Amino acid sequence: MTIDRLGEGMILVTLMNDDMSRYSLDFKEEADGERTRRGLTRLMYRVGEECGLNHRDKCYLIEALPGKESCLLIISVRAKKARRRYRIKRENRVDCCRFLSLDDLLLWMNRPESSRLGYALYQTGDYYLLPDYPLSKAERSILNEYGSVTHESPIAVARIREHGILLREHPRRHYFKYASRAAI
């Protein structure tokens, strides 16, 4: 763990995986629990000791940027407000399907379920299918038979759109359950 004081009101903390487990920090979907809050409180006492901060009349805004093997915490020190707020920002993820070969892609496109899905198809060495909407469990399981469906960051998807060659765009078709076929 490294603690760097960037200024009077800004602290940068780098935590490795063993440090995160020591302080019970888990920044996943179930992370808004009491264990995470207690771990952040213990960590802030340690940071205060290292930086010589007095915790009285102070409020902290902690932004966590988790990675694979480490986590970066940006801590802003402010004057204390009437109540404490704990917020953990969730990173947005986008569904993306990668086909390793053109044969797998063509086999999937011949399925009847492929016509109901809205998507854009790009080629960047491999073939990437970027759906218009988040995939349902059924759509994800069908796509996993032919390619690999992952949750990518918006930056990775933007790179695919920027550097890839657009092969096909297919708009999503809407099917109405009780559509009338009567002529008006």
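Going by the structure above, here's the rest.
Just so it is clear, the model here is predicted, and its values are computed rather than measured. (Residues numbered from 1 in each chain as written. Predicted model: local features only at pLDDT ≥ 70, side-chain atom pairs only at ≥ 80, totals over all residues. Heavy atoms only, no water.)

**Describing the nonpolar core**
If you look at the biggest cluster of nonpolar residues, it comprises 17 residues, and the most contacted ones within it are I11, V13, L15, L25 and L43. If one sorts the elements of this core by residue count, helix 2 (residues 34–51) sits on top with five residues. When neighbours within four sequence positions are excluded, L25 is seen to be in contact with L15, M20, T36, G39, L40 and L43. With 14 residues, the next largest nonpolar core counts W108, L117, Y119 and L143 among its residues. (Core = buried A, V, L, I, M, F, W, Y, C linked by side-chain atoms within 4.5 Å. Buried < 20%, exposed > 50% of the residue type's maximum accessible area, 1.4 Å probe, protein only. Helix = DSSP H or I, 4+ residues; strand = E, 2+ residues; numbered from the N terminus. Contact = heavy atoms within 4.5 Å.)

**A closer look at the sheet that holds strand 6 (residues 119–124)**
Pairing is antiparallel in the open sheet, where five strands are placed in the order 8-5-7-6-9. Looking at the sheet topology across the chains shown, the edges are occupied by strand 8 (148–152) and strand 9 (165–170). When the angles between neighbouring strand axes are averaged without regard to direction, this sheet yields 25 degrees. Across six bridges, strand 6 lies against strand 7 (residues 126–131) in antiparallel orientation. Bridged to Q123 within strand 7 is Y127. Together, strand 5 (94–99), strand 7 and strand 8 form the strand contacts of helix 4 (residues 137–146), whose direction differs from that of strand 8 by roughly 120 degrees. Here helix 5 (residues 154–163) sits on the sheet in contact with strand 5, strand 6, strand 7, strand 8 and strand 9, set at roughly 70 degrees to strand 6. (Pairing = 2+ DSSP bridges. Axes fitted to C-alpha atoms, helices over the stretch in contact; angles between N-to-C directions.)

Interpretation note: all reported values are geometric properties and have no functional meaning in isolation.
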